[in-house]
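Chain residues, written in single-letter form:
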Amino acid sequence: MTAHEHLRRVARIPGLVAAAVVCAQCAAALADDSRQCGPRSMLVEPDTGQLLLVCENRGDILRVDPRDGTVVARGTTGQQPFALCANPDRTSYYVSCRRGQEINEFDARALRVTRRFPLLGDPTGLAVSADGTRLYASVHSLDQVAVLDLSTGNEIARLSAGNGPESVRLWPGSGRVYVTNLLSNPVPPQQACRNEVTVINDATGRVVERVTLDNANVGRGIDFATDFAVAAISRPKNLVPMVQVARGWVVTNGFAILSPDRDRPPVQLLIDLPNQFFSDPYDVAVTPSGDRFYISCAGADMVVSIDVSGVRAVLDDIDAGLIPRPGDHLGLSRRYVSARIPTGTNPHALALTPDGSTLYVANRLDDSVTVIDTAADRVTRTLTIGDPGPPDRLMRGERFFHSAARTFQGQFSCASCHPDNGFDGLQYDLEPDGLGRNILDNRNMRDVSGTGPFKWVGSNPDIGTQCGTRTAKWIMRTGWLNSVQVVDLTTYIQSIPPVVNPYRAPDGGLTPAQKRGKVLFDRTTTNEGRPLADGERCDFCHSGPKYTDAKTSDIGTASPTDSATEFDSAHLNNIFESAPFLHDGRSATLEQLWTDHNPEDKHGFSRDWTKQQLNDLVEYLKCL
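Each chain has its residues counted from 1, running along the sequence as written. With pLDDT at 70 or above as the cut-off, local features in this predicted model cover only qualifying residues; side-chain atom pairs require 80 or more to be listed or tallied, and sums for whole chains, interfaces and linings still use all residues. Remark: hydrogens and water are excluded; side-chain values derive from all non-hydrogen atoms of the structure.

Draft legend 1. Local environment of the packing of helix α5 (residues 393-402) against helix α9 (residues 483-495). In this analysis, axes come from line fits to C-alpha atoms, helices being fitted only over the stretch in contact, and the angle between any two N-to-C directions falls in the range 0 to 180 degrees. Here a strand is any run of E in DSSP of at least two residues, a helix any run of H or I of at least four, and the numbering for each starts at the N terminus. The geometry of α5 relative to α9 is characterised by a closest axis approach of 7 Å and an angle of 90° between their N-to-C directions. On the basis of their axis angle, the class for α5 and α9 is roughly perpendicular. The residues of α9 that touch α5, namely those facing Arg393, Leu394, Arg396, Gly397, Glu398, Phe400, Phe401 and His402, are Val484, Gln485, Val487, Asp488, Leu489, Thr491, Tyr492, Ile493 and Ser495. Residues are grouped as follows: Ala, Val, Leu, Ile, Met, Phe, Trp, Tyr, Cys and Pro are nonpolar; Asp, Glu, Lys and Arg are charged; all remaining types, including Gly, are polar. In terms of residue class, the contact of α5 with α9 is made up of 8 nonpolar, 5 polar and 4 charged. Relative orientations are named as follows: roughly parallel for angles under 35 degrees, roughly antiparallel for angles over 145 degrees, roughly perpendicular for angles from 65 to 115 degrees, and oblique for any other angle. Residues are treated as being in contact if the distance between any of their heavy atoms lies within 4.5 Å.

In structure tokens, the structure reads:
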């Protein structure tokens, strides 16, 4: 029985709607059994006009006839392909494979893998150097950019990027490579987020600039006009109580303009309207003429067409001091947004024909490509890729997760705060317990199944409770989902797998430091030999397959604004990617949990640890 067949059988069990129970076999349905393609990345072949699509769910690369969607050639990629790029002479294509921890080189004609480049970590964005000799690959989980010598296939450098590097693009003629980063760089508690665009000199292969985008997060696609770069961003208002959702003050959506040749800091502008939002900006495509650019809005099922002359006029007014705080101005979009074009479900990648007359939009969650006439900014046809069939429970749940249609004024989706099925690294003030009280760190959705209860105080026993009426009332501010739809959403959330852990050996073996850290984690006596009480031991509260006892404990971290003193024992699986730490995100690193936030030894007995023991424990925790 396939995982999908099993899931459909389980869905017919009486009472499942109330219980929202999903077993491990159901979770496996996200893997190879899926019929959906999940087109993630795309480009247009300039010589033939055919489309190349990288399909995340099925692990393949497709050559598609843009007239009718016929698949004319297919190649097989590694696990979870993500991004696609070509070398300058278009003889080879490169595909990053996140779960496979490799980059595949394809012969452009045959779509056959010619080389595989293994990497430590999960590669995301890709770009080839202007001279075709090097490949840049962002490595999301390690906050790095790997540089590969394409003549040998060897890795020659690792560059430090921002937090979760996402898209990598060469700015033609500039000699620079731009890297967007998904998450904000670390900031002190109760301070606004700060996203980074990392800039690399293509000739030297070194980072030459780190552009800060204040109050921005979830950096995605980037593209270039003649004199500026434009990057898709979101602007969360996480420091404002969520009672402000009705005023558009939770998440706004837009783009950043970077003008490196002008003495102007980055300018952020919105694509939203005062009473309508276009959530989860994803990819950017600038027309060859440079007079227009497009942004896909993954949560709104929309593409926004933006007039560059209108943007330039707004920039001139900003330079003249006529528009204060343009990044918060919900009325400015009327001056430069020329059209909002409906697409399929969850639009991601954009690709223009070489003459700019046609825009293709890859819709990740309904296996289609929307074809847009750019002269009229209207849809001319929709191509269906393969035979996706009707959506099953997992697919319906994934669509709910990534859609803002049921949020007040379409302001955000689940994925807005949980990008890439994870988390945004921010803290929020939910007002049921009073404004300015109980500030809570957002939690990671990856591999969350089996880690209940939920909320930091453990008040929600399961994900169905967490995502049901509470979410409708305090977050979405709409009717949200009915009970059947909540089960669909819950099924999807519980199926989200963990990311690849670069600190964990494929065979499960431990390094010497990790072995020493495990000894400290499991210890039952102090360094002097005194027996430790249960609450003084790491492995007492952090036990079981997910390293949590599913209980709340007082670890001495309650603040004056907290109503509770006991908090949920956080699960430790893949904790390496979950900074910041503690219920309110006050600890930027694992080390600080004990050096700064454990003065009373309530969070494990740590006063006798040596510096080496702390280092070893951190190395062990990162491999869990």
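Draft legend 2. Here's a closer look at the environment of Gly59. You can see Gly59 is positioned in the loop between β2 (51-55) and β3 (60-64). The rule is simple: take the accessible area with a 1.4 Å probe, protein chains only, and divide by the maximum for that residue type; under 20% is buried, over 50% is exposed, in between is partly exposed. Owing to a relative accessible area of 10%, Gly59 belongs among the buried residues under this scheme. Along the primary structure Gly59 and Leu352 are separated by 293 residues, whereas in three dimensions their C-alpha atoms are 24 Å apart. Not counting residues up to four positions away in its chain, the partners in contact with Gly59 are Gly75, Thr76, Thr77, Gly78 and Pro81.

Draft legend 3. Inspection of the side chain of Ser368 at higher detail. Along the chain, Ser368 falls in strand β27 (residues 368-373). Under this definition, polar contacts are N or O atom pairs within 3.5 Å; protein pairs additionally need one hydrogen-donor-capable and one acceptor-capable atom, and for neighbouring residues in sequence, both atoms have to be side-chain atoms. A distance of 2.6 Å separates a polar atom in the side chain of Ser368 from a polar atom in the side chain of Asp366. In contact with Ser368, other than residues within four places in its own chain, are Pro39, Gly344, Val361, Ala362, Asn363, Thr382, Leu383, Thr384 and Ile385.

Draft legend 4. Here's a closer look at the pattern of salt bridges. Within this document, salt bridges are pairs made up of a side-chain nitrogen of Lys or Arg and a carboxyl oxygen of Asp or Glu, the two lying within 4 Å of each other. Under the counting rule described, the total for this entry stands at 44 salt bridges. In the salt-bridge network here, residues are joined through shared partners; they are Arg98, Asp122, Glu166, Arg220 and Asp420.

Draft legend 5. Layout of the sheet that holds strand β18 (residues 229-236). In this description, strands pair whenever DSSP reports at least two bridges between them. One open sheet holds the 4 strands; their spatial order is β17-β18-β19-β20, and the pairing between them is antiparallel. Of all strands in the sheet, those bounded by a partner on one side alone are β17 (222-224) and β20 (267-270). Across this sheet, the average inter-strand angle for adjacent strands is 35°, counted without regard to direction. Examined bridge by bridge, β17 and β18 share 3 bridges and lie antiparallel to one another. Its bridge partner being in β18, Ile222 is matched across the sheet by Ala231. Here helix α4 (residues 308-319) sits on the sheet in contact with β19 (251-258) and β20, set at roughly 125° to β20.

Draft legend 6. Expanded view of the pairing of β18. Buried residues dominate β18, accounting for 8 of its 8 residues. In β18, alternate side chains face the same way, and those of Ala229, Ala231, Ile233 and Arg235 on one face and Val230, Ala232, Ser234 and Pro236 on the other are all buried. Summarising the sheet, β18 and β19 pair through 8 bridges and their orientation is antiparallel. Each residue of the ladder has a partner; that of Ala231, found in β19, is Ala256.

Draft legend 7. The arrangement of the nonpolar core in detail. In terms of nonpolar packing, the biggest core is built from 29 residues, with Met242, Phe401, Phe412, Trp480, Leu489 and Ile493 touching the most fellow members. Going through the elements one at a time, α5, α6 (414-417), α8 (469-476) and α9 are the ones with two or more residues in this core. With 4 residues, the top contributor of residues to this core is α9. The contacts of Phe401, once residues within four sequence positions are left out, are Ser413, Cys414, Ala415, His418, Asn421, Met445, Leu489, Tyr492 and Ile493. Side-chain atoms within 4.5 Å are what join buried Ala, Val, Leu, Ile, Met, Phe, Trp, Tyr and Cys residues into a set we call a nonpolar core. If you look at the next biggest cluster of nonpolar residues, it comprises 28 residues, including Phe228, Val284, Met302 and Leu332.

Draft legend 8. View of the environment of Arg176. Positionally, Arg176 belongs in strand β14 (residues 176-183). Arg176 gets classed as partly exposed once you look at its relative accessible area, which sits at 28%. With 23 residues separating them along the chain, Arg176 and Val199 place their C-alpha atoms 6.6 Å apart. Excluding residues within four positions of it along the chain, Arg176 makes contact with Arg169, Leu170, Trp171, Val199, Ile200, Asp202, Val208 and Glu209. One polar contact links Arg176 to Glu209, side chain to side chain, over a distance of 3.2 Å.

Draft legend 9. Focus on α4. The span you would expect from a helix comes to 1.5 Å times its residue count less one. Counted at 1.5 Å a residue, the expected span for α4 with its 12 residues is 16 Å, and the 16 Å between its end C-alpha atoms agrees. Within α4, burial applies to Val308, Gly310, Val311, Val314, Leu315 and Ile318. Viewed along the axis of α4, the buried residues span an arc of 155°, placing them on a single side of the element. Close packing links the buried residues of α4 with β19, β20, β22 (292-297) and β23 (302-307). In the segment just after α4, Gly321 is the residue with positive phi, at about 80°. Directions pointing from the helix axis toward each C-beta atom define the arc.

Draft legend 10. α9, seen in detail. For α9, spanning 13 residues, the distance from its first C-alpha to its last is 18 Å, which sits close to the expected 18 Å at 1.5 Å a residue. Extensive coverage of α9 is indicated by the burial of 11 of its 13 residues. Gln485, Val486, Val487, Asp488, Leu489, Thr490, Thr491, Tyr492, Ile493, Gln494 and Ser495 are the residues of α9 that are buried. With a side-chain oxygen lying 3.1 Å from the backbone nitrogen of Val484, the N-terminal cap of α9 falls on Asn482.

Draft legend 11. How the structure looks around the domain arrangement of the chain. The domain boundaries here were taken from an automatic or database domain assignment. Each assigned domain of the chain is listed here: domain 1 (3-14 + 19-28 + 394-495) and domain 2 (512-622). Here the C-alpha centre of domain 2 lies 27 Å away from the C-alpha centre of domain 1. Area buried by domain 1 at its contact with domain 2 is led by Arg437, Thr451 and Trp456, which between them contribute 27% of it. The interface formed by domain 1 and domain 2 includes 3 salt bridges. Across the pair Arg446 and Glu577 runs a salt bridge whose closest N-O atoms are separated by 2.7 Å. Considering only residue class, the side of domain 1 that touches domain 2 consists of 6 nonpolar, 10 polar and 6 charged. Accessible area that two parts lose when put together, with a 1.4 Å probe and added across both, is what the buried area reports.

Draft legend 12. Region of the structure containing the packing of aromatic side chains. Here a Phe, Tyr or Trp ring, Trp counted by its six-membered ring, pairs with any other such ring whose centre lies within 6.5 Å, and the pair is stacked when the planes are under 30 degrees apart, edge-to-face when over 60, and tilted otherwise. Going through the model one piece at a time under the given rule, you end up with 10 aromatic pairs. Arranged with centres 5.8 Å apart and planes meeting at 80°, the rings of Phe255 and Tyr336 form a pair that is edge-to-face. Of the two residues, Phe255 is situated in strand β19 and Tyr336 in the loop between α4 and β24 (337-342); the sequence distance between them amounts to 81 residues. Overall, the relative accessible area of 0% leaves Phe255 in the buried class. Exposure remark for Tyr336: the relative accessible area of 1% places this residue in the buried category. Within the aromatic cluster, the residues linked to one another by ring pairs are Trp171, Tyr178 and Phe224. Any Lys NZ or Arg CZ that is within 6 Å of a ring centre and within 35 degrees of that ring's normal is treated as a charge sitting over the ring. Between the NZ or CZ atom of Arg530 and the centre of the ring of Phe605, over which it lies, the distance is 5.0 Å.

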